[in-house]
Amino acid sequence: MATLNLPDVQLSYQQLGQGVPVTLIHGLGTNMAFWYLGPGRLMMQQAQLLIYDLRGHGASSMPPSGYTLDRMVADLAALHDALGITQTHLVGHSYGARVALAYAAQYPERVKSLTVADTQIRSLQPPMTLAEWPYWSRWKADLLAAGAQGLPDDDELIDFRLLADLSQHMGGGRGAKGGAAPKRRINMNSRRMGERGQKRWETLLAETTAKAELQDEGALDEQTLSAIQVPTLLMYGKLSHCVPTSDILLDLMPNSRRVLIPEAGHFFPVVKPRLFARSFAGFLAVTGETADGTGPGGQRVRLRRRPLQRARRRAGDAL
């Protein structure tokens, strides 16, 4: 693990694997380990991954302020500059996907492709309560079967704080048939996100300006999002509360396509890592990008909105 010292923060990061450059951005309340033992270990078989801890998370330092979306984008740009990364395939989950979208809007020349994994944007989708989410009863039953305690009330709004708290219980959001607990579960505690991660998250909200600043989404209005031209994959859990955001992004972003991960909720990258990695590899195959980020004849690739299943099958042998 390495560290980049910036004027107001120390960012912890790792580079793994060989191949095309890919940057992975985790969500709130987690850290780079979200990727490392999930889809990252599969993706680095054919890509050079850059994973890092957002400021205030994991092994990165926790400055008293600086948690707006613009500052998160500036952190990532500084990290890319320090490592000599001029172009990358950018992948973000949840809040990390919002960082990725804002980065692609500010630095389109640096982004070869964009993968938006299960994020909700308030300008596109109003907040909903747990009771309004059709699959909450399935997820709640699954959490209780896993021994989770202190679950939120059904009338609580699904916001970044609630999702970060739930991430400490498990990475799923997938109810098993008949209400029974699934036989195989990937628990977030195995990704250094358990008690230690929960305490750090609580400290971040209590002792810094993050609680207010992390709600900043001003850089993600409809005009800004519709101007993003890079090939974009919208990858969402079919059971996720965020799916309505993907409906609107698909219409807004002219060079986007979507895949819905079956029987999966918000944390599907760690529940179904192989399917995540295959979907990402299939997306890159569909874009047809060369090493310099262009398609045949040197032209920027335009995506046709057709299913990804065939491309995922072609990429499956490698992942």
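Small disclaimer: the values here were computed from a predicted structure and weren't measured.

> Could you give an account of the overall build of the chain, naming the residues involved and the relevant values?
The helix and strand tally for the chain stands at 13 helices and eight strands. A burial count over the chain gives 55% of its 319 residues as buried. Intrachain contacts of the chain at a sequence separation of at least 6 include 75% that bridge at least 24 residues. Carbon and sulfur atoms make up 50% of the accessible area of the chain, which amounts to about 13000 Å² in all.

> Which residues make up the pattern of salt bridges, and what values do they have?
In the structure shown here, the tally under the stated rule is eight salt bridges. For Asp81, the salt bridge is made with Arg110, and the minimal N-O distance between the two is 2.7 Å. Taken together, the positions of Asp81 in helix H3 (residues 69-83) and Arg110 in the loop between helix H4 (95-106) and strand S6 (111-117) put the pair 29 residues apart, joining distant regions of the chain. We note a salt bridge from Arg258 to Asp247, for which the minimum N-O separation is 2.4 Å. Residue Arg258 is located in strand S8 (residues 256-261), and its partner Asp247 is located in helix H10 (residues 243-252); the two are separated by eleven residues in the primary sequence. Within this structure, Asp8, Arg55, Arg71 and Asp75 form a network of salt bridges that share partners.

> Describe the packing of aromatic side chains, and please don't skip the residues or the numbers.
For any pair of aromatic rings, the description rests on two quantities: the centre-to-centre distance and the angle between the ring planes. Counted by the stated rule, this structure contains four aromatic pairs. With 5.2 Å between their ring centres and 85 degrees between their planes, Phe34 and Trp35 make a pair best called edge-to-face. Residue Trp35 is classed as buried on the basis of its relative accessible area, which comes to 0%. Ring centres of Tyr103 and Tyr107 lie 5.0 Å apart, and the angle between their planes is 45 degrees; on these two criteria the pair is classed as tilted.

> Give a description of the sheet that holds S8 that names residues and reports values.
Pairing is mixed across the open sheet formed by eight strands, whose spatial order is S1-S2-S4-S3-S5-S6-S7-S8. Each having just a single partner strand, strand S1 (2-5) and S8 make up the two edges of the open sheet. Between one strand and the next, the sheet's axes are offset by a mean angle of 25 degrees, whatever the strand orientation. Direction of pairing for strand S3 (residues 20-25) relative to strand S5 (residues 88-93): parallel, over a ladder of four bridges. By the bridge assignment for S5, Ile25 is matched with Gly92.

> How would you summarise helix H12 (residues 273-287) if you had to cite specific residues and measurements?
The terminal C-alpha atoms of H12, which comprises 15 residues, lie 21 Å apart, in line with the 21 Å expected from a rise of 1.5 Å per residue. With eleven of its 15 residues buried, H12 lies for the most part within the structure. For H12, the full list of buried residues reads Pro273, Phe276, Ala277, Ser279, Phe280, Ala281, Gly282, Phe283, Leu284, Val286 and Thr287.

> Which residues make up helix H5 (residues 136-145), and what are the values?
Among the residues of H5, Trp136, Trp139, Asp142 and Leu143 are the ones counted as buried. An end-on view of H5 places all buried positions within 130 degrees of arc, on one side of the element. Phi turns positive, to about 90 degrees, at Gly147, one or two residues after H5.

> Could you give an account of the packing of H3 against H4, with specific residues and numbers?
Relative orientation of the contacting elements H3 and H4 amounts to 70 degrees, with a least axis distance of 9 Å. Classed by the angle they form, the pair H3 and H4 counts as roughly perpendicular. Note on element contacts: H4 touches H3 through Tyr95, Arg98, Val99, Ala102, Tyr103 and Gln106, opposite Leu69, Asp70, Met72, Val73, Leu76, Ala77 and His80. Taken together, the residues that form the contact of H3 with H4 break down as nine nonpolar, two polar and two charged.

What counts and how
- Residues numbered from 1 in each chain as written.
- Predicted model: local features only at pLDDT ≥ 70, side-chain atom pairs only at ≥ 80, totals over all residues.
- Heavy atoms only, no water.
- Helix = DSSP H or I, 4+ residues; strand = E, 2+ residues; numbered from the N terminus.
- Buried < 20%, exposed > 50% of the residue type's maximum accessible area, 1.4 Å probe, protein only.
- Contact = heavy atoms within 4.5 Å.
- Areas by Shrake-Rupley, 256 points an atom, 1.4 Å probe, with all protein chains shown as cover.
- Salt bridge = Lys/Arg side-chain N within 4 Å of Asp/Glu carboxyl O.
- Phe/Tyr/Trp six-rings, centres within 6.5 Å; stacked < 30°, edge-to-face > 60°.
- Pairing = 2+ DSSP bridges.
- Axes fitted to C-alpha atoms, helices over the stretch in contact; angles between N-to-C directions.
- Expected span 1.5 Å × (residues − 1).
- Arc of directions from axis to C-beta.
- Parallel < 35°, antiparallel > 145°, perpendicular 65-115°, else oblique.
- Nonpolar A, V, L, I, M, F, W, Y, C, P; charged D, E, K, R; others polar.

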